[in-house]
Amino acid sequence: FLLSLAISLVFAIIPLCHNVVVLAVVMAVAGLAMGCIDTISNMQLVKIYQKDSAIFLQALHFFVGFGALLSPLIADPFLSDTNCILSNSTANASSNLPHIRKSLVPHHPGNLSHYDLPMKGMVVTRVSYAFWIMALINLPVPIAVFFLLYKERMVPCFSSSSHPLLSADELAMEARPVEKDDVPTAVQRPQAAGGHNDFLSCCQSKNFRGASYTYFAVHITGALVLFMTDGIVGEYSGFVYSYAVEEPLSVVHKVAGYLPSLFWGFITLGRLISIPVSYRMKPATMVFINVVGVLLTFLLLLIFSYSVVFLFVGTASLGLFLSSTFPSMLAYTEDILQYQGCATTVLVTGAGIGEMVLQLLVGSIIHDQGSYSFLVCGMIFGGLAFTFYSFLLFFHRMYPKPSSELDDASPDKPAVTDNTGQYQR
């Protein structure tokens with residue numbers, strides 16, 4: 001609730017920041033809040049739905065992609081094609097803007113000292129409205145979360161006469177026939193609640209005692225796969241425009257601007273398609289198709305590197321293959337580890353680090369080696385993702401199976417919690 005409310009407040013404050021240091025601090029708060037929400041939402045879906053979490057994770061990440069596609073469309077009407085500061089030299093400055101944009105788009109900026117842009121005068125930009133609209137769009141989220149807290153009787157200042165939602169929410173349990181006499185009453189409530197106060201219980205050292213090396217290997221290899229695939233999402237969406245406008249393609253700037261939107265559009269479409277597909281297909285199979293598809297797409301992009309048409313086709317294909325990698329990998333890894341909760345945090349962290357680090361790495365390489373290295377880097381990252389996934393499959397085979405009394409082979413065996421609030425099977 002606090003983090004989602006903070007996002008609305010941050011977006012409302014951004015247009016009021018007139019100092020770059022203040023703006024940096026505000027943006028850091030926004031990033032921290034979004035990172036925490038990302039981790040918590042994935043973790044709670046896995047804890048609540050367990051075996052059925054793949055479908056809900058696909059739905060969650062569909063809305064992530066939908067938001068990434070929608071937000072630029074909201075901002076676009078408020079972006080100015082002329083200078084945002086009125087002064088005596090505004091006419092000259094406005095005529096210079098296209099030349100300045102053309103010089104700045106590649107990662108080899110030219111000499112811009114001969115262009116004149118006014119730095120003082122009346123500010124006429126309307127971009128502030130875009131931030132305020134986004135703040136209002138996000139506002140229903142903390143309101144909805146507060147309503148859930150109220151219904152769950154978790155707000156100290158308010159008392160609710162209604163029954164808590166989770167006591168009647170059978171979705172929190174597996175949709176299988178369960179003999180109530182087999183499950184103690186004291187166990188049923190923690191199962192539905194999912195452990196509100198045990199976010200860090202998986203990090204306690206006592207849970208690592210006696211763990212085999214494959215337990216840690218599954219965490220590491222799963223995180224490395226997402227490090228690469230989410231890194232590809234970041235570097236491709238960030239640099240495909242710059243790659244397209246440079247030699248040998250030399251795509252018109254306006255046409256090249258559609259490439260990031262096409263990429264995110266097909267990521268969103270792929271996640272929508274993955275919701276029903278994940279009901280029929282195992283997460284491991286989906287991840288295999290994803291990493292192989294990414295590798296083959298980059299290979300074809302390299303072969304047809306002089307084709308503008310195939311750049312658009314490859315961008316759409318890459319978006320489809322990358323779309324469901326994160327939620328499928330999350331469901332697969334948690335399934336291997338019997339839903340103990342740690343894998344979600346490790347995988348989300350690995351994905352976030354990859355998205356940050358690989359963009360910096362690729363940007364530096366493009367600056368030194370030229371635009372063609374953009375596709376070469378993608379090919380290398382795709383190959384590494386496939387390699388790490390192969391290791392994950394190997395460690396999955398080596399990972400010890402659950403004991404007989406908790407084995408999944410017994411379909412009527414209910415999920416219960418131990419004294420730490422963690423799910424056991």
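Residues numbered from 1 in each chain as written. Predicted model: local features only at pLDDT ≥ 70, side-chain atom pairs only at ≥ 80, totals over all residues. Heavy atoms only, no water.

### Considering the overall build of the protein chain
(1) Moving on: The helix and strand tally for the protein chain stands at 15 helices and 4 strands.
(2) Moving on: Evaluated residue by residue, the protein chain yields a buried proportion of 41% over its 425 residues.
(3) Moving on: Long-range pairs, those at least 24 residues apart, make up 75% of the contacts in the protein chain with a sequence separation of at least 6.
(4) Moving on: Total accessible area on the protein chain is roughly 22500 Å²; 69% of this is exposed by carbon and sulfur atoms. (Helix = DSSP H or I, 4+ residues; strand = E, 2+ residues; numbered from the N terminus. Buried < 20%, exposed > 50% of the residue type's maximum accessible area, 1.4 Å probe, protein only. Contact = heavy atoms within 4.5 Å. Areas by Shrake-Rupley, 256 points an atom, 1.4 Å probe, with all protein chains shown as cover.)

### A short note on the nonpolar core
The tendency in soluble globular proteins is for nonpolar side chains to be buried as a group.
(1) Moving on: Core analysis: the biggest nonpolar cluster contains 65 residues, and Y236, F263, F298, L311, M329, F374 and Y389 have the highest contact counts within it.
(2) Moving on: Of the residues forming this core, the biggest block, 15 residues, is contributed by helix 8 (residues 213-245).
(3) Moving on: Split by domain, the residues of this core number at least three in each of domain 1 (1-82 + 126-157) and domain 2 (212-401).
(4) Moving on: Contact partners of F263, with chain neighbours within four places excluded, come to V233, Y236, S237, T315, L318, G319 and L322.
(5) Moving on: Residues I14, C17, V26 and A30 belong to the second largest nonpolar core, which totals 5 residues. (Core = buried A, V, L, I, M, F, W, Y, C linked by side-chain atoms within 4.5 Å. Domains from an automatic or database assignment.)

### Here's the deal with the environment of L300
(1) Moving on: As for its placement among the helices and strands, L300 is situated in helix 11 (residues 283-303).
(2) Moving on: Of the residues examined, L300 reaches a relative accessible area of 35% and is grouped as partly exposed.
(3) Moving on: Separated by 14 residues in the primary sequence, L300 and G314 place their C-alpha atoms 7.7 Å from one another.

### Some details on the packing of aromatic side chains
(1) Moving on: A full pass over the atoms with the stated rule returns 17 aromatic pairs.
(2) Moving on: Considering the side-chain rings of Y129 and W132, the 5.9 Å spacing of their centres and the 65° angle between planes classify their relative orientation as edge-to-face. Pair noted here: Y129 and W132 are both in helix 5 (residues 127-138), with a separation of 3 residues, about one helical turn.
(3) Moving on: A relative accessible area of 45% means that Y129 is categorised as partly exposed.
(4) Moving on: The exposure class assigned to W132 is partly exposed, which follows from its relative accessible area of 34%. (Phe/Tyr/Trp six-rings, centres within 6.5 Å; stacked < 30°, edge-to-face > 60°.)

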